[in-house]
Amino acid sequence: MVRMRGGSAGDTGQGAIARAYADHRQPEPRIAELVHAALGGARTVLNVGAGAGSYEPTDRAVTAVEPSASMRARRPGHLPPAVDATAESLPFADGSFDAAMTTFSVHQWSDPGRGLAEVRRVTTGPVAVLTRDPGLVRDFWLYEYCPKVLDTEARRHPALSALAEGLGGDTAVTRVPIPLECSDSFNEAYYGRPEVLLDRSVRQACSSWSFVDEPEHDRFQEQLSRDLADGSWDARYGGLRGLPEWEGSLVLLVSTPTSAPVSTA
Ligand SMILES: C[S@@+](CC[C@H](N)C(=O)[O-])C[C@H]1O[C@@H](n2cnc3c(N)ncnc32)[C@H](O)[C@@H]1O
């Protein structure tokens, strides 16, 4: 198992990101509802790449797995402490959990295929994966301002077909609508509030920005500030400011084993 002290088993260092995460990444209740519904009547739930606990249900017995010490330290007291492990090597017996979930995490795993096989091995029922469709990631105004950050997201996120294949069984994919006042702090949460992304600490809460170098951050800052000041952003994208919700690349993929027991929820 690959581990970095205080860091991540994935492709980013989680120290600085964890600090920004605590400040900016709050679960969005409407997205949480969709994730929880996908877990059906499960009583025991595994949450992989659990971070500080966003989207974790509190009305079921949850086992959280999180390899980053910085993230584990940021879990609030009302949630169970997380197990220090990675998706690729889960320290649980076959069929230990009724359902599993992983939110905004699978793109950071060093070996998603192995991680998904592990999650499926230890789970008897549905596995819910909140992730991005890499084929849709670039269809967002941010691409015009910082292509690097969305090229990075597109490269890091596994294809939905690979996720489906890795989990096996029957797969359902739904696009997740993002509310205008989304309380979580991923890039698309600001589809209609571009000014917020001018705050460097907001960007830092999204790990893809850690792949962007200083000159690119500066260029982004200058170009977006200028276009907001002279009205050119609004001329092209201002309609987004009034949309109560928007569908970007965020998707919920739910895999159910073909022989799964019928949910009693
Ligand atoms: C963007 S955070 C998401 C945290 C939380 N699930 C959420 O929705 O806010 C991604 C998390 O995945 C974790 N992670 C990275 N590589 C992992 C791996 N191989 N196995 C399990 N978790 C991993 C990171 O340490 C980080 O906490």
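Description of the structure in this document. The residue numbers shown here count from 1 along each chain, following its written sequence. Totals for whole chains, interfaces and linings use every residue, but because this is a predicted model, local features are given only for residues with pLDDT of at least 70 and side-chain atom pairs only at 80 or more, for both listing and counting. Hydrogens and water molecules were not included; the side-chain quantities draw on all heavy atoms of the structure.

**A word on the overall build of the protein chain**
Then comes step 1: Helix and strand counts for the protein chain stand at 10 helices and 6 strands.
Then comes step 2: Only protein chains enter the area calculation, which uses a 1.4 Å probe; residues under 20% of their type maximum are buried, those over 50% are exposed, and those in between are partly exposed. The buried share of the protein chain, reckoned over its 265 residues, is 52%.
Then comes step 3: Within the protein chain, residue pairs in contact and separated by at least 24 positions form 72% of the contacts whose partners lie at least 6 positions apart. Comment: elements are numbered from the N terminus, with helices defined as DSSP H or I runs of at least four residues and strands as E runs of at least two. The contact rule is simple, with two residues in contact once any of their heavy atoms fall within 4.5 Å.

**Structural notes on helix H6 (residues 147-156)**
Then comes step 1: Those residues of H6 not exposed but buried are Val149, Leu150, Thr152, Glu153, Ala154 and Arg156.
Then comes step 2: Tucked into the core, H6 has its buried residues touching strand E4 (127-132) and helix H5 (142-145).

**Let's talk about the side chain of Ser208**
Then comes step 1: Summarising the element assignment, Ser208 is placed in the loop between helix H8 (200-204) and helix H9 (214-229).
Then comes step 2: Among the polar contacts made by the side chain of Ser208, one reaches the side chain of Glu153 at a distance of 3.3 Å.
Then comes step 3: Discounting chain neighbours no more than four positions away, the residues touching Ser208 are Val149, Thr152, Glu153 and Arg156. Any pair of nitrogen or oxygen atoms within 3.5 Å is treated as a polar contact; in protein, a donor-acceptor pairing is required on top of that, and neighbouring residues in sequence qualify only through side-chain atoms on both sides.

**Some points on the packing of aromatic side chains**
Then comes step 1: For this analysis, a ring pair means two rings from Phe, Tyr or Trp (six-membered ring only for Trp) whose centres lie within 6.5 Å, classed as stacked if their planes differ by under 30 degrees, edge-to-face if by over 60, and tilted for the remaining angles. Going through the model one piece at a time under the given rule, you end up with 10 aromatic pairs.
Then comes step 2: When the ring of Trp141 is compared with that of Trp233, the centres are 5.4 Å apart and the planes differ by 85 degrees; the resulting orientation is edge-to-face. You can see Trp141 sitting in the loop between E4 and H5 and its partner Trp233 sitting in helix H10 (residues 232-237), a full 92 residues away along the chain.
Then comes step 3: On the basis of relative accessibility, which here comes to 4%, the residue Trp141 falls in the buried class.
Then comes step 4: Residue Trp233 is classed as buried on the basis of its relative accessible area of 0%.
Then comes step 5: The ring of Trp209 has Arg203 lying over it, and the distance from NZ or CZ to the ring centre is 5.1 Å. Only lysine NZ and arginine CZ atoms are considered, and such an atom sits over a ring when it is within 6 Å of the ring centre and within 35 degrees of the ring normal.

**Observations regarding the sheet that holds strand E6 (residues 245-256)**
Then comes step 1: The strand order E2-E1-E3-E4-E6-E5 describes an open sheet built from 6 strands, whose pairing is mixed. On the outer flanks of this sheet lie strand E2 (61-65) and strand E5 (170-179), each paired with one strand and no other. In this sheet, neighbouring strand axes are inclined to one another by 25 degrees on average, regardless of whether the strands run parallel or antiparallel.
Then comes step 2: Note: E5 against E6, 9 bridges, orientation antiparallel. Directly across from Ile178, in E6, lies its bridge partner Trp246. Note on pairing: two strands pair once DSSP finds at least 2 bridges between them. Lines fitted to the C-alpha atoms define the axes, with helices restricted to the stretch that makes contact. Angles between their N-to-C directions range from 0 to 180 degrees.

**Some words on the pattern of salt bridges**
Then comes step 1: Put simply, a salt bridge is a Lys or Arg side-chain nitrogen that is within 4 Å of an Asp or Glu carboxyl oxygen. Evaluated as defined, the whole model comprises 17 salt bridges.
Then comes step 2: Here Arg121 ties to Asp94 by a salt bridge, and the two come within 2.8 Å at their closest N and O atoms. Highlighted residues: Arg121 in helix H4 (residues 112-122) and Asp94 in the loop between helix H3 (69-73) and strand E3 (99-103), separated in sequence by 27 residues.
Then comes step 3: Between Asp234 and Arg241 there is a salt bridge, with the nearest N and O atoms lying 2.6 Å from each other.
Then comes step 4: Taken together, the shared-partner salt bridges in this structure form one network comprising Glu144, Arg226, Asp227 and Arg236.

**As for the nonpolar core**
Grouped burial of nonpolar side chains is what soluble globular proteins tend to show.
Then comes step 1: Nonpolar cores were defined as sets of buried Ala, Val, Leu, Ile, Met, Phe, Trp, Tyr and Cys residues, with membership established by side-chain atoms within 4.5 Å. In terms of nonpolar packing, the biggest core is built from 46 residues, with Trp141 and Leu142 touching the most fellow members.
Then comes step 2: Once you skip the residues sitting within four places of it in the chain, Trp141 turns out to touch Tyr190, Tyr191, Pro194, Leu197, Leu224, Trp233, Tyr237 and Leu240.

**Side note on the packing of H4 against helix H7 (residues 160-167)**
Then comes step 1: Packing of H4 against H7 leaves a shortest axis separation of 8 Å and a crossing angle of 40 degrees. Classed by the angle they form, the pair H4 and H7 counts as oblique. As H4 runs across H7, the sense of the crossing is right-handed. Together, Leu116, Ala117 and Arg120 of H4 and Ala162, Leu163, Gly166 and Leu167 of H7 make up the contact between the two elements.
Then comes step 2: Note on residue classes: Ala, Val, Leu, Ile, Met, Phe, Trp, Tyr, Cys and Pro are nonpolar, Asp, Glu, Lys and Arg are charged, and everything else, Gly too, is polar. Tallied by class, the residues present in the contact of H4 with H7 amount to 5 nonpolar, 1 polar and 1 charged. Here the word oblique covers every angle except those under 35 degrees (roughly parallel), over 145 (roughly antiparallel) and from 65 to 115 (roughly perpendicular). For any helix crossing, the convention is left-handed if the near helix is rotated counterclockwise from the far helix by under a right angle, and right-handed if that rotation is clockwise.

**What about unusual backbone geometry?**
Outside of glycine, negative phi angles account for most residues, and trans bonds account for most peptide bonds.
Then comes step 1: Of note in this structure, Tyr55 is not a glycine but carries a positive phi near 70 degrees.
Then comes step 2: Structurally, the position occupied by Tyr55 is in the loop between strand E1 (44-48) and E2.
Then comes step 3: Overall, the relative accessible area of 3% leaves Tyr55 in the buried class.
Then comes step 4: One non-glycine residue with positive phi stands out, namely Phe104, at about 50 degrees.

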